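# Commentary on secondary and tertiary structure
Okay, here's what each chain looks like letter by letter:
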Amino acid sequence: RYQRRVHGACGTEAAQKLLKELEHGGCVDQYVQDQLLLFMALARGRSQLRVGPLTDHSKLAIEVAERMIPACKFSVQADAGSTNIITCDGIGMTLPGKAAAAADAAPSSSGSDSAVAGGDKQSDRYHPYS
């Protein structure tokens, strides 16, 4: 059954929860960290995310992403205090018809990056519409 709270008590509880999240030093709270992992897996290149303690949802999301997308690899490294750095080497997936535009927009340091210039075969392999 719904229990009514006094406005001051509700505000105090919300402030305490916010302060607890801020103490960890992560850039996202515990409710968002697992949701960003899929985007990291699909992104091109290496992504990093600073979080507080790793949640069970995040641990499961990492396991599922690595099983479904074997080319994507995550690592979790403890940082100062209770902060962790989640790193992911993503697959660079693009939408249908957008692969050429993404390749044209990708920076190339040496010009010998044939995977980007010619279309990323790794991302084509994991394309959901192919």
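First, a word on what this report is: a plain description of the structure on this page. From a predicted model like this one, the values you see are computed outputs, not experimental measurements.

On to the pattern of salt bridges. Per the counting criterion, the structure on display carries 4 salt bridges. The partner of Asp79 in a salt bridge is Arg50, and the shortest N-O contact between them spans 2.2 Å. Taken together, the residues Asp79 in the loop between β2 (73-78) and β3 (84-91) and Arg50 in strand β1 (residues 44-51) connect sequence positions 29 residues apart. Residue classification places Asp79 among the partly exposed positions, given a relative accessible area of 33%. Notably, a salt bridge pairs Arg67 with Glu63, separated by 3.2 Å at the nearest N-O pair. Of this pair, Arg67 and Glu63 both sit in helix α3 (residues 56-68), 4 residues apart, roughly one helical turn.

Below, the discussion takes up the nonpolar core. Counting 14 residues, the largest nonpolar core has Leu37, Met40, Ala41, Cys72, Phe74, Ile86 and Cys88 as the members making the most contacts within it. Elements that contribute at least two residues to this core include exactly α2 (33-42), β1, α3 and β3.

This part covers helix α1 (residues 7-24). With 18 residues, α1 extends 27 Å from end C-alpha to end C-alpha; this agrees with the ideal 26 Å at 1.5 Å per step. Phi turns positive, to about 85 degrees, at Gly25, one or two residues after α1.

Spatially, β1-β3-β2 is the arrangement adopted by the 3 strands of the open sheet, whose pairing is antiparallel. Strands with a single pairing partner mark the edges of an open sheet, and in this sheet they are β1 and β2. Adjacent strand axes in the sheet meet at a mean angle of 15 degrees, parallel and antiparallel pairs treated alike. Sheet topology note: the β1/β3 ladder contains 8 bridges and is antiparallel. Its bridge partner being in β3, Ser47 is matched across the sheet by Cys88. Of the strands in this sheet, β1, β2 and β3 touch α2, which is tilted by about 35 degrees from β3. α3 rests against β2 and β3 of the sheet, and its axis sits at about 150 degrees to β2.

Parameters and conventions
Residues numbered from 1 in each chain as written. Predicted model: local features only at pLDDT ≥ 70, side-chain atom pairs only at ≥ 80, totals over all residues. Heavy atoms only, no water. Salt bridge = Lys/Arg side-chain N within 4 Å of Asp/Glu carboxyl O. Helix = DSSP H or I, 4+ residues; strand = E, 2+ residues; numbered from the N terminus. Buried < 20%, exposed > 50% of the residue type's maximum accessible area, 1.4 Å probe, protein only. Core = buried A, V, L, I, M, F, W, Y, C linked by side-chain atoms within 4.5 Å. Expected span 1.5 Å × (residues − 1). Pairing = 2+ DSSP bridges. Axes fitted to C-alpha atoms, helices over the stretch in contact; angles between N-to-C directions. Contact = heavy atoms within 4.5 Å.

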